[in-house]
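Chain by chain, the residues:
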Amino acid sequence: MAHQLETKLIHAGEPQPRIEGAVTVPIFQSAMFETAGGTGYHDLRYIRLNNTPNHRALHEKLAALENAEDAVVMASGMAAITTTLLTVLSAGDHLLAQDCLYGGTHDFLTQDLRGFGITFDFLEGDDPNDWQRQVRPETKAIYVESMTNPTLQVTDLAAVASFAKSHGLVSIIDNTFASPVNYRPSEWGYDLSLHSCTKYLNGHSDIVAGAVIGRADLIQNVTHKLNHLGGSLDPHACFLLYRGMKTLAVRVKYQNESAMTLGKFFDAHPAVSKVNYPGLPTHPAYQRSCELFDGFGGMLSIELEGGVEAATRFMQKATLPLIAPSLGGVETLMTRPAATSHAGMLPEDRQKVGVTDSLIRVSVGIEATEDLVADFDQALAS
Ligand SMILES: *Cc1c(COP(=O)(O)O)cnc(C)c1O
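Residues numbered from 1 in each chain as written. Predicted model: local features only at pLDDT ≥ 70, side-chain atom pairs only at ≥ 80, totals over all residues. Heavy atoms only, no water.

## What about the packing of helix H3 (residues 77-88) against helix H8 (residues 216-229)?
Between two packed helices, both the angle of their axes relative to each other and the distance between the axes serve to describe the pair. Two numbers describe how H3 lies on H8: the axes approach to 9 Å, and their chain directions differ by 115°. One finds that H3 runs roughly perpendicular with respect to H8. The hand of the H3/H8 crossing is right-handed. Only Asn221, Val222, Lys225, Leu226 and Leu229 of H8 make contact with H3, whose side of the interface consists of Thr83, Thr84, Leu86 and Thr87. (Axes fitted to C-alpha atoms, helices over the stretch in contact; angles between N-to-C directions. Helix = DSSP H or I, 4+ residues; strand = E, 2+ residues; numbered from the N terminus. Parallel < 35°, antiparallel > 145°, perpendicular 65-115°, else oblique. Left-handed = near helix turned anticlockwise from the far one by under 90°. Contact = heavy atoms within 4.5 Å.)

Right under this line is the structure:
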């Protein structure tokens, strides 16, 4: 019987029968396992080959969550991204990628890909006719994010997947911001979905991990590349990720609601000049977001009247949010991307993608919504 996501979070991937009757999967802190009938290198059971009981339980649960064929975990979100790109692309190949990518991904494309003999172009706008002009015979893949950082743009994700299909490209999406609760790329025709599990999937700001979820043949190729590149996840981190994931649905649904309430609060506040949140009717892709997502996520960004000075004052005055990078944990975090995650970009490039100097990004935690509203309200009053 097919279960709902909430049920799969608890029950999918559990070893049957349970190990010694243990209700949770214990940590298998053993580098290698006795050889059991495998025929090749990739069949050896060894932590780096990502096939210990802790890895296997995670792979099954992750694939089940996104209704995909298979999954593999890695040492970080960036390991998932780079291992996937280096699996799908070889020297001579070309990649089409959305602009305004996660900073690490942007830097890998712009600084490192060329060294592997791989070229890329950024997609211009939302129009498949534009993409048509950029696609080449050597184009092998198309790469997007479900919601972009930090301006929460939502591109036409359905059109990207069908464009990829009709041109024989591997479609890859970084689904970190939406999480499997709000968006499941396989259901929309994507070949591979990537996650920084550091964020919502783990949710407790205490490990770094990544995952690739999708088509079984591609996951097998990615796993073989990973076995060579070596970015495997330690069993203890596997255990923490597995534990964190069990509460993913209750956390993300609460964060969806809290972010919506905060978005409306900011939208109505005279000191706030702009709110970026895909759940607000003022968002340029609001209609599309309603069709794509089961929830609008826990990330939003705002601009204040009064520029950088007002922004830094507001961040100092707010007492509950921590000022820290990263996102998706139980505690509310704030950053000013122009000074942190996007500081390496040229100011004019930042402007082009909507990252103004006064933009503040908020990762909404699971504190009481009323307490957050009250705190932001007093911080805006000053
Ligand atoms: C954080 C993040 C990454 C990188 O993940 P790490 O776990 O830090 O390596 C990639 N994509 C997005 C959208 C992220 O937010």
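## Some remarks on the side chain of Thr332
Following the sequence through the fold, Thr332 ends up in the loop between strand E10 (322-323) and strand E11 (333-335). Thr332 gets classed as buried once you look at its relative accessible area, which sits at 0%. Reaching out from Thr332, the side chain makes a polar contact with the backbone nitrogen of Gly365 at a distance of 2.8 Å. Apart from the residues lying within four places of it in its own chain, the contact partners of Thr332 are Leu320, Pro321, Leu322, Val362, Ser363, Val364, Gly365, Glu367, Leu372 and Phe376. (Buried < 20%, exposed > 50% of the residue type's maximum accessible area, 1.4 Å probe, protein only. Polar contact = N/O pair within 3.5 Å; in protein donor to acceptor, adjacent residues only side chain to side chain.)

## Points about the pairing of strand E5 (residues 170-174)
With five of five residues buried, E5 is to be regarded as a mostly interior element. Burial along E5 is two-sided: Val170, Ile172 and Asp174 and Ser171 and Ile173, pointing in opposite directions, are all buried. The sheet contact formed by strand E4 (residues 139-145) and E5 spans five bridges and is parallel. Across the sheet, the residue bridging to Val144 is Ile173, located in E5. Where the polypeptide runs from E4 across helix H6 (residues 157-167) and back to E5, its parallel neighbour, the crossover connection is right-handed. One ladder, built from three bridges, connects E5 with strand E6 (residues 192-196); its direction is parallel. (Pairing = 2+ DSSP bridges. Right-handed = clockwise from strand over helix to strand, strands pointing away.)

## A short note on the pattern of salt bridges
Per the stated rule, a full pass over the model turns up 15 salt bridges. Linking Lys253 and Glu6 is a salt bridge whose minimum nitrogen-to-oxygen distance equals 2.6 Å. One end of the pair, Lys253, is in helix H10 (residues 248-268); the other, Glu6, is in helix H1 (residues 5-11), with 247 residues separating them in the sequence. Classification of Lys253 as partly exposed rests on a relative accessible area of 38%. The partly exposed category is assigned to Glu6, whose relative accessible area is 33%. Between Glu187 and Arg184 there is a salt bridge; the shortest N-O distance is 2.9 Å. Residue classification places Arg184 among the buried positions, given a relative accessible area of 14%. In this structure, a network of salt bridges that share partners links the residues Glu14, Arg18, Lys61 and Lys246. (Salt bridge = Lys/Arg side-chain N within 4 Å of Asp/Glu carboxyl O.)

In short, the description is geometric, and any link to function would need to be established separately.
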